[in-house]
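Chain residues, written in single-letter form:
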Amino acid sequence: MDRRSFMLASAATVFAGTRAEAQMETMDGMSGMSDMHAGHGAMAMPANAPSLPEGAPLRELSRLSNRSNEAGLLEATLTAEPATAQFAEGLDTPVLAFNGDSPAPLIEATEGDRIRITFANRIPGEISTIHWHGMPVPADQDGNPMDPVSSGTDRLYSFDLPEGSAGSYWYHPHPHGKTAEQVYRGLAGAFLVKPKVDPIPAAYGDTELFFTDLRLAADGTMPANTMVDVMNGRVGDHVLVNGQKNPVLSVPAGTQRRFRLFNATNARFLRLSFGDVPMTIVGTDGGLLGAPVPGVQDVLLAPAERLEVIVAFDEPGTTTLGTLDYDRGWMGQGRPKDAGLTLLTVAVSETPAEPPPPLPAILRPIADLGAPSVSRRLVFGETMTMGADGMEMGFLINGKSFDMNRIDFVSKAGELELWEIANPADMDHPFHVHGTQFQIVEYERGGKVNKPPYRAWKDTVNVARGETIRILVRQDKPGPRMYHCHILEHEQLGMMGIVDVQV
Ligand code: C2O
Ligand code: CU
Ligand code: CU
């Protein structure tokens, strides 16, 4: 969709629903843009917004079943289709689901496995794809916008999981102009790749917390994106964990629990804390760290990022996983409340757990990538212009809006590159690149350079406003790869480019 048609479509949308009208009221004065950055008051939910039940036992994500009996082969079908969910009591919410489930089924595989997943697009009238976020899959199997799957057709995604690829990945559609909407309507799931031997003790469990964001109108439907959503990325009214609002996890006292945190929201920055109970970080997007990082009180999980943490629940009683304030730069009025959301309640019983084995001091080696032979600079930009149809927002990288038919630059497979990603704009933008895992070298802000606290594999990193981040990137497989802001509305409005990797 070009920007002009986006304007028209969003104008149509904006007048479509009561919530949208309420949104428009809060945006009064928008035409004179003088107060674009003025409104930082917490947005109250509309009076008639449905409330969601809380406190049910935490559900495990459903699992994608493997129809192959052959060792090392995962063969399955993922059907994307309309479904109905009950988030609020007595209200049906039309969603999109994979195999009837939203969040989508968890896919679990092991390093060395071969994956053959048939994607059946049964979304009426819409193209789609499945993108394997963060995974080292060949470019032509990665669900790029250049390879759409038409409604009513199937395609096979086939790839191998190399040694060393264990990590906490996820999958979601990536069709041109439709990604944001298909994801918030429900199409996203976790993809775990396990190592052959896991250094984290099995007694710690493996609990996936898959965060999504939901907004419901009074009739239970999901309202379309408003102008505020398009500018900031869609932020809902409820942050859900495995599709539930504030569920309860019960554990015995003395439990050590492994959590995998997935931020599958379109645009919610989650600064997470278990209150007084510290976390030990053991993994990032691309798998385990070299060594555990203990004593962490809070973590920022930007859209699309993942983390693995270990939490010790020693004291009987109740502990909650909640959010703290994080100002990611908000355009216009109605900044949603970031702090004080309770995402999960952990009920710690008096009955003591079997004493768990200790966490090993070393988890796995993380390669030193050495010195880069190429360097590049990518600069995020936001533009706002008054057009004939009203205000137009542009989201750019190096001054350009995404064009599927343009290669932005060419890289050589196997060559190490230093990418400098600068964000002189007014909002944070989480940067993501397809097909590989990178390492952060340093963060620069106000002339001060900081090194990351640990070496890690990442595929998404938040570039805060005013910040420049340097990363080491190597693409090993040829083909076109996308890089973009993972606020999906920004990606959709042009904050994306293509690197063509050549042999
Ligand atoms: Cu989550 Cu282009 O990706
Ligand atoms: Cu991706
Ligand atoms: Cu962005």
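These figures come from a predicted structure and were not determined experimentally. (Residues numbered from 1 in each chain as written. Chains lettered and ligands numbered in written order. Predicted model: local features only at pLDDT ≥ 70, side-chain atom pairs only at ≥ 80, totals over all residues. Heavy atoms only, no water.)

(A) Seen up close, the sheet that holds strand β18 (residues 317-324). If you trace the 5 strands from one edge of the open sheet to the other, you get β11-β19-β18-β13-β16, paired in mixed fashion. Whereas interior strands pair on both sides, the edge strands pair on one side only; in this sheet they are β11 (248-253) and β16 (298-301). Across this sheet, the average inter-strand angle for adjacent strands is 25 degrees, counted without regard to direction. (Pairing = 2+ DSSP bridges. Helix = DSSP H or I, 4+ residues; strand = E, 2+ residues; numbered from the N terminus. Axes fitted to C-alpha atoms, helices over the stretch in contact; angles between N-to-C directions.)

(B) Examining the coordination of the copper ion (ligand 3) more closely. Every protein donor of the copper ion (ligand 3) is accounted for by His429 (ND1), Cys485 (SG) and His490 (ND1), and the metal-donor separations fall at 2.0 to 2.1 Å. Linear spacing of the donor residues for the copper ion (ligand 3) on their chain is H-x55-C-x4-H. This pair shows no difference in class: Cys485 is buried, exactly as His490 is. (Donors = N, O, S within 2.8 Å, 3.2 Å for Na, K, Ca; no water. Buried < 20%, exposed > 50% of the residue type's maximum accessible area, 1.4 Å probe, protein only.)

(C) Expanded view of the coordination of the copper ion (ligand 2). With distances of 1.9 Å, the protein atoms coordinating the copper ion (ligand 2) are His131 (NE2) and His432 (NE2). Taken together, the positions of His131 in strand β5 (residues 131-133) and His432 in strand β24 (residues 429-433) put the pair 301 residues apart, joining distant regions of the chain. In terms of burial, His131 and His432 fall into one category: buried.

(D) Structural context of the nonpolar core. Core analysis: the largest hydrophobic core is formed by 38 residues, its most contacted members being Leu378, Phe380, Trp419, Ile421, Phe431, Ile471 and Tyr483. If sequence neighbours within four positions are ignored, Phe431 has contacts with Leu378, Phe380, Trp419, Ile421, Phe438, Asp459, Thr460, Val461, Val463, Ile471, Tyr483 and His484. Among the nonpolar cores identified, the runner-up in size contains 30 residues, and Leu249, Leu261, Leu270 and Leu272 belong to it. (Core = buried A, V, L, I, M, F, W, Y, C linked by side-chain atoms within 4.5 Å. Contact = heavy atoms within 4.5 Å.)

(E) Quick peek at the packing of aromatic side chains. This model, assessed by the stated rule, comprises 19 aromatic pairs. Both rings, one in Phe259 and one in Phe313, keep their centres 6.2 Å apart while their planes meet at 90 degrees; by these two values the pair is edge-to-face. In this pair, Phe259 is assigned in strand β12 (residues 255-263) and Phe313 in strand β17 (residues 306-313), connecting sequence segments 54 residues apart. Comparing Phe259 with Phe313 shows no difference in burial state: the two are buried. In this structure an aromatic cluster arises from ring pairing among Phe98, Phe119, Trp132, Tyr157, Phe159, Tyr171 and Phe191. The cationic tip of Arg234 hangs over the ring face of Tyr184; the distance from NZ or CZ to the ring centre is 3.6 Å. (Phe/Tyr/Trp six-rings, centres within 6.5 Å; stacked < 30°, edge-to-face > 60°. Lys NZ or Arg CZ within 6 Å of the ring centre and 35° of its normal.)

(F) Seen up close, the pairing of strand β30 (residues 496-502). Counting buried residues along β30, 6 of its 7 residues qualify, which places the element largely inside the surrounding structure. Here 4 bridges tie strand β22 (residues 409-412) to β30, and the two strands are oriented parallel to one another. From the neighbouring strand, Lys412 faces β30, where its bridge partner is Gln502. Two strands pair when backbone bridges link them, and strand β29 (residues 479-485) and β30 are joined in this way by 6 bridges, in the antiparallel orientation. Its bridge partner lying in β30, Pro480 is registered against Asp500.

Interpretation in functional terms is not warranted from these geometric data alone.
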